[in-house]
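Structural overview
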Amino acid sequence: MANDVRMSLPRIDGLTSLPVLDHPGLLADPVGAALVRWAASERTAVVEIDPALADTAAMSEAYSVPLGAGANCLVVAGRRAGEERIAACLVRADTRVDVNTAVKRLLDVRKASFLPMDRAVEETGMEHGGITPLGLPSGWRLFVDDRCLAMDVAVLGSGLRRSKLLMPGDLLADLPGAEVIEGLAA
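Scope of this entry: the structure provided in the associated data block. Along each chain, residues carry numbers from 1 onward, in the same order as the chain's sequence is written. With the structure being a predicted model, the display of local features is reserved for residues of pLDDT at least 70 and the display and counting of side-chain atom pairs for 80 or more, all residues being used for whole-chain, interface and lining totals. Computation of side-chain values: all heavy atoms of the structure, hydrogens and water removed.

As for the sheet that holds strand β7 (residues 154-157)
- Sheet architecture is open: 4 strands sit in the order β1-β2-β8-β7, paired in antiparallel fashion. Whereas interior strands pair on both sides, the edge strands pair on one side only; in this sheet they are β1 (18-19) and β7.
- Note on pairing: DSSP must find at least two bridges between two strands before they are called paired. The helix and strand labels rest on DSSP assignments: H or I over at least four residues marks a helix, E over at least two residues marks a strand, and numbering proceeds from the N terminus. Of the strand pairs in this sheet, β7 and strand β8 (residues 163-167) are connected by 4 bridges, and their pairing is antiparallel. Bridging from a neighbouring strand, A154 pairs with M167 of β8.

Structure, rendered in structure tokens:
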């Protein structure tokens, strides 16, 4: 049975796909908790990587993973009438999130900018270079660029630098709280 599960897991050549719920030590605590609650976890794999290679470009080069297979999660914030509005934005690694137009409009703020990394790390409970759309703080919105859904296998953070999640791109629309946005990235 274990081999049947491994055969159906998303795969990327050069990386060993493992059933995500069987390897909680490869996940940040909030990510692991979110995956336990998420019905689609059986279609998600975790792969162990060298933590020094967690950044997208380094990982792509070292493991021969095309940039188009990576899905980066970036945290953006803005204010309106004294209220802070935060969103995590999931975009393909070969694109750039459109902060100045799309995100600003979606958050309904005058100015949007990236949340400082130390604050994003503290509030998510995830490591820099591992922030992922699973297990985000309540109250944060999650914007997913529609182009991510066409990815055969998306490579995302696991909350830790030493591993990545793999899942079919179409599953990204089913992430808890996901809002699929056309034109989120350029």
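Having seen the model, we can carry on.
Some details on the pattern of salt bridges
- Whenever Lys or Arg places a side-chain nitrogen within 4 Å of a carboxyl oxygen from Asp or Glu, that contact is recorded as a salt bridge. This model, assessed by the stated rule, comprises 11 salt bridges.
- Residue E84 is joined to R119 by a salt bridge in which the shortest nitrogen-to-oxygen separation is 2.5 Å. Note that E84 is positioned in strand β4 (residues 83-92) and R119 in helix α5 (residues 117-124), a separation of 35 residues in sequence.
- Burial status follows relative accessibility: with a 1.4 Å probe on protein chains alone, a residue under 20% of its type maximum counts as buried, one over 50% as exposed, and anything between as partly exposed. R119 sits in the partly exposed class, given a relative accessible area of 27%.
- With a shortest N-O distance of 2.5 Å, R119 and E123 are connected by a salt bridge. With R119 and E123 both in helix α5 and 4 residues apart, the pair spans about one turn of that helix.

Comments concerning the environment of W38
- By secondary structure assignment, the location of W38 is in the loop between α2 (29-37) and β2 (45-48).
- It only takes one pair of heavy atoms within 4.5 Å for two residues to be counted as in contact. Once residues lying within four places of it in the same chain are set aside, the contact partners of W38 are T44, L134, M167, L171, D174, L175 and P176.

Looking at the nonpolar core
- Grouped together as the largest cluster of nonpolar side chains are 37 residues, with contacts concentrated most on L90, L134 and L172.
- Where this core is concerned, the elements lending two or more residues are α2, β3 (71-80), β4, β6 (141-145), β7 and β8.
- Residue contributions to this core peak at 4 residues, all from β3.
- In this view, L172 contacts L90, V144, C148, L149, A154, L156, M167 and A178; residues no more than four positions away in its chain are not counted.
- Nonpolar core, defined: a set of buried Ala, Val, Leu, Ile, Met, Phe, Trp, Tyr and Cys residues in which side-chain atoms within 4.5 Å join the residues together. With 16 residues, the next largest nonpolar core counts A87, A102, L106 and I181 among its residues.

So, the layout of surface pockets
- Method remark: on a 1 Å grid restricted to protein atoms, a set of points is classed as a cavity if a 1.4 Å probe fits but cannot get out and as a pocket if it is open with protein on both sides within 12 Å along at least five of seven lines; lining residues have an atom within 4 Å of a point. Grid points are joined across faces, edges and corners, and a volume is the space filled by probe spheres set on the points. Reported here for the largest pocket is a volume of approximately 430 Å³.
- Lining the largest pocket are 24 residues, and of these T56, N72, C73, L74 and G129 sit closest to its centre.
- Mapped by element, the contributors of at least two residues to the lining of the largest pocket are α3 (56-63), β3, α5 and β7.
- Three categories are distinguished: nonpolar for Ala, Val, Leu, Ile, Met, Phe, Trp, Tyr, Cys and Pro, charged for Asp, Glu, Lys and Arg, and polar for the others, with Gly belonging to the last. When its residues are assigned to classes, the lining of the largest pocket shows 14 nonpolar, 8 polar and 2 charged.

Focus: the side chain of S158
- Looking at the secondary structure, you find S158 in the loop between β7 and β8.
- Here the side chain of S158 touches L26 through a polar contact of 3.4 Å, landing on its backbone oxygen.
- Each residue touching S158, except ones within four places of it in the same chain, is listed here: L26, L27, A28, V31, G130, T132, S163, K164 and L165. Here a polar contact is recorded for every N or O atom pair within 3.5 Å, except that within protein the pair must consist of a potential hydrogen donor and a potential acceptor, and residues adjacent in sequence are included only if both atoms are side-chain atoms.

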